[in-house]
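# An overview of the molecular structure
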Amino acid sequence: MPLDPARTVAELKELRELTGDENGAQRVAWTETWERARSWLREKLDGLPLEEEIDQAGNQWWTLTGASERAVLIGGHADSVPNGGWLDGALNVVAGVEVVRRLAEDGQPAATVRLVNWADEEGARFGRSLFGSSAAAGSMDDQAELAERRDAEGVSLPDAVGAYGVSLDAALEARKQLEGAAAYLELHIEQGPVLESMDLPLGVVLGTFGVERHQVTFRGQAAHAGSTPMDKRRDALAGAAKLELEIREIAERVGGGAVCTMGGVVTRPGIVTSVVETAECLLDQRHLDGNQLAEMLSNAEAASRRFAQEEDVEVEWDRIWNIEPILFDEGLIELADESIREVAGQSHRLPSGPLHDAAEVGRAGVPTVMLFVQSLRGLSHTKLEDTKEEHLELSVQALDRLADKTIARVAAV
Ligand SMILES: [Zn+2]
């Protein structure tokens, strides 16, 4: 049976009907609706010569055994945020179903092909993204902290995952799933405006941004708003305000896709009659190049000290979280470019701002690449998330070509 990309679009709509409501997708991991999506996927692949397995971290795998044991993995995540979009995560898995179907019906492939539906990519319920993929990659090391987490209703994470046969103690045993993995392919909506602005349906992802997240606290002196002359103030918000504008300059100067965001500022005492004593800023900086990311960070630190001096306040930096940039495999990037050119004429290479399961698999040492398909208006994590159907169909074709080329390469080694 030939590849039928229109079927993928129809199946995505079917999944939307089954697991969404008037507010959007409701496939939050470790819920009944998510389980419904997993059962639905199982039915879709029923009757094909595949072996299904759910690993110790809750990831759902189907294996099509090939002539070579070396495996090409195709992965995505069926889970969504609450009131999410119909495509984020699901496109990868449902397109993967179509490709695996086509491969299975063509007879035994030259290399083993495995489709994976990663568990809890979004971290929507417990604030822990990339749960299943980080366990499989062996990078999960926060089990002790995760054991303490509760959702908004007070249900603990161990209880919630336990209901689906997952225990934090055993989750890392999912690592054996990546043994023999020779390549990992993931198709995803862009979730940003770049491809749409270039009028291109598809692009190849070079890697995921490194991220530096800090809390930057400026400390001055609370003082009466009426009695304190302007030149006698130690205004913490002035330092924060200068830094917020400076990070734009830093991103522009460093270039190469650099992005810096001050996502929040909390001021104290936070009343209209007082100069601000403390301003706690949340700063997020991202770049695909580790050296340039480090330069952005040190530039922002130096600027904050300069502003603190100018405003006669103090500044302190605390790291909240960071991750190195993860670069995808050059050989697979070439194959992905070729696949896109074959189906859409023109390709484009771009970095990914958001993290994806592919980043975990890539940093575990498996050669990895992602394809992005255009997102309309760059919107995601909302029911307004959308992609033109013709572009969705092209994306299935491109994934199919890429799978074939990757299988041939993996089998030839
Ligand atoms: Zn996603």
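Above this text you will find the structure in question.
The following paragraphs examine the structure supplied in this document. (Residues numbered from 1 in each chain as written. Predicted model: local features only at pLDDT ≥ 70, side-chain atom pairs only at ≥ 80, totals over all residues. Heavy atoms only, no water.)

## Observations regarding the pairing of strand β3 (residues 51-54)
- In this sheet, strand β4 (residues 60-64) lies alongside β3 in antiparallel orientation, the contact comprising four bridges. Its bridge partner lying in β4, Glu 52 is registered against Trp 62.
- The hairpin formed by β3 and β4 contains five residues between the paired strands, and Gly 58 there has a positive phi angle of roughly 90 degrees. (Pairing = 2+ DSSP bridges. Helix = DSSP H or I, 4+ residues; strand = E, 2+ residues; numbered from the N terminus.)

## Concerning the sheet that holds strand β12 (residues 314-323)
- Spatially, the four strands line up as an open sheet ordered β10-β11-β9-β12, and their pairing is antiparallel. Looking at strand neighbours, the two that pair on one side only are β10 (259-268) and β12, the edges of this open sheet. Strand-to-strand, the axes of this sheet are offset by a mean angle of 15 degrees, without reference to chain direction.
- As paired elements, β10 and strand β11 (residues 278-287) share nine bridges and run antiparallel to each other. Directly across from Gly 264, in β11, lies its bridge partner Leu 282.
- Contacts from helix α8 (residues 236-254) reach β9 (210-219), β10 and β11 within the one sheet, and its direction differs from that of β10 by about 175 degrees.
- Where helix α9 (residues 290-311) meets the sheet, its contacts fall on β9, β10, β11 and β12, and the angle it forms with β12 comes to roughly 160 degrees. (Axes fitted to C-alpha atoms, helices over the stretch in contact; angles between N-to-C directions. Contact = heavy atoms within 4.5 Å.)

## Concerning the side chain of His 391
- The residue His 391 is located in helix α12 (residues 389-412) in this model.
- Leave out the neighbours within four places in its chain, and His 391 touches Pro 201, Val 373 and Gln 374.

## What to know about helix α2 (residues 32-45)
- Here α2 spans 20 Å end to end across 14 residues, near enough to the 20 Å set by a 1.5 Å rise per residue.
- If you check which residues of α2 are buried, you get Thr 33, Trp 34, Ala 37, Arg 38, Trp 40, Leu 41 and Leu 45. An end-on view of α2 places all buried positions within 160 degrees of arc, on one side of the element. Turned more than 90 degrees away from the buried face of α2, the exposed residues are Glu 32 and Glu 43.
- On its buried side, α2 packs onto α1 (5-19), β3, β4, α3 (90-105) and β6 (111-117).
- Where α2 terminates, the next one or two residues include Gly 47, which has phi positive at roughly 90 degrees. (Expected span 1.5 Å × (residues − 1). Buried < 20%, exposed > 50% of the residue type's maximum accessible area, 1.4 Å probe, protein only. Arc of directions from axis to C-beta.)

## Comments concerning unusual backbone geometry
- Following Arg 268, the chain continues to Pro 269 via a peptide bond in cis, the omega torsion being 0 degrees.
- Relative to the helices and strands, Pro 269 resides in the loop between β10 and β11.
- For Asn 83, which is not a glycine, the phi torsion comes out positive at approximately 55 degrees.
- Tracing the sequence through the fold places Asn 83 in the loop between β5 (68-76) and α3.
- By relative accessible area, which is 37% here, Asn 83 ends up partly exposed.
- Here the phi dihedral of Asp 199 falls at roughly 60 degrees; this positive angle occurs in a residue that is not glycine.
- As for its placement among the helices and strands, Asp 199 is situated in the loop between α7 (194-198) and β8 (202-208).

## Focus: the coordination of the zinc ion
- On the protein side, the zinc ion has His 77 (NE2), Asp 88 (OD) and His 188 (NE2) as donor atoms, found 2.0 to 2.2 Å from it.
- All donors to the zinc ion come from one chain, and their sequence spacing reads H-x10-D-x99-H. One end of the pair, Asp 88, is in the loop between β5 and α3; the other, His 188, is in strand β7 (residues 181-189), with 100 residues separating them in the sequence. Of the two residues examined, Asp 88 and His 188, each falls in the buried class. (Donors = N, O, S within 2.8 Å, 3.2 Å for Na, K, Ca; no water.)

## Regarding a nonpolar patch on the surface
- A surface patch of nonpolar side chains, amounting to about 270 Å² of accessible area, comprises Leu 282, Ile 320 and Trp 321.
- If you trace the backbone, Trp 321 turns up in strand β12.
- The exposure class assigned to Trp 321 is partly exposed, which follows from its relative accessible area of 32%. (Patch = residues over 30% accessible without salt bridge, like charges linked within 9 Å, V, L, I, M, F, W, Y side chains within 5 Å. Areas by Shrake-Rupley, 256 points an atom, 1.4 Å probe, with all protein chains shown as cover. Salt bridge = Lys/Arg side-chain N within 4 Å of Asp/Glu carboxyl O.)

## Quick notes on the packing of α8 against α9
- Axis separation between α8 and α9 bottoms out at 9 Å; the angle between their running directions is 150 degrees. When the axis of α8 is compared with that of α9, the two are roughly antiparallel. As for the relative orientation of α8 and α9, their crossing is right-handed in sense. On α9, the residues touching Ala 238, Gly 239, Lys 242, Leu 243, Glu 246, Ile 250, Arg 253 and Val 254 of α8 are Gln 292, Glu 295, Met 296, Asn 299, Ala 300, Ala 303, Ser 304, Arg 306, Phe 307, Glu 310 and Glu 311.
- Grouping the amino acids of the contact of α8 with α9 by side-chain chemistry returns eight nonpolar, four polar and seven charged. (Parallel < 35°, antiparallel > 145°, perpendicular 65-115°, else oblique. Left-handed = near helix turned anticlockwise from the far one by under 90°. Nonpolar A, V, L, I, M, F, W, Y, C, P; charged D, E, K, R; others polar.)

## Considering the packing of α1 against α2
- Their axes nearest at 10 Å, the elements α1 and α2 cross at an angle of 145 degrees. Our pair here, α1 against α2, has a crossing hand that is right-handed. Here α1 contributes Glu 11, Glu 14, Leu 15, Leu 18 and Thr 19 to the contact with α2, which in turn contributes Thr 33, Arg 36, Ala 37, Trp 40 and Lys 44.
- Partitioning the contact of α1 with α2 into residue classes produces four nonpolar, two polar and four charged.

## Some words on the pattern of salt bridges
- If you walk through the whole model with that rule in mind, you get 31 salt bridges.
- Close ionic contact of Arg 149 with Glu 145 constitutes a salt bridge, the shortest N to O distance being 2.5 Å.
- A salt bridge links Glu 342 to Lys 405; the nearest nitrogen and oxygen atoms lie 2.6 Å apart. Here Lys 405 lies in helix α12 and Glu 342 lies in helix α10 (residues 330-344), a separation of 63 residues in the sequence.
- Connected via shared salt-bridge partners are Arg 7, Glu 11, Glu 14, Lys 44, Glu 98 and Arg 101.

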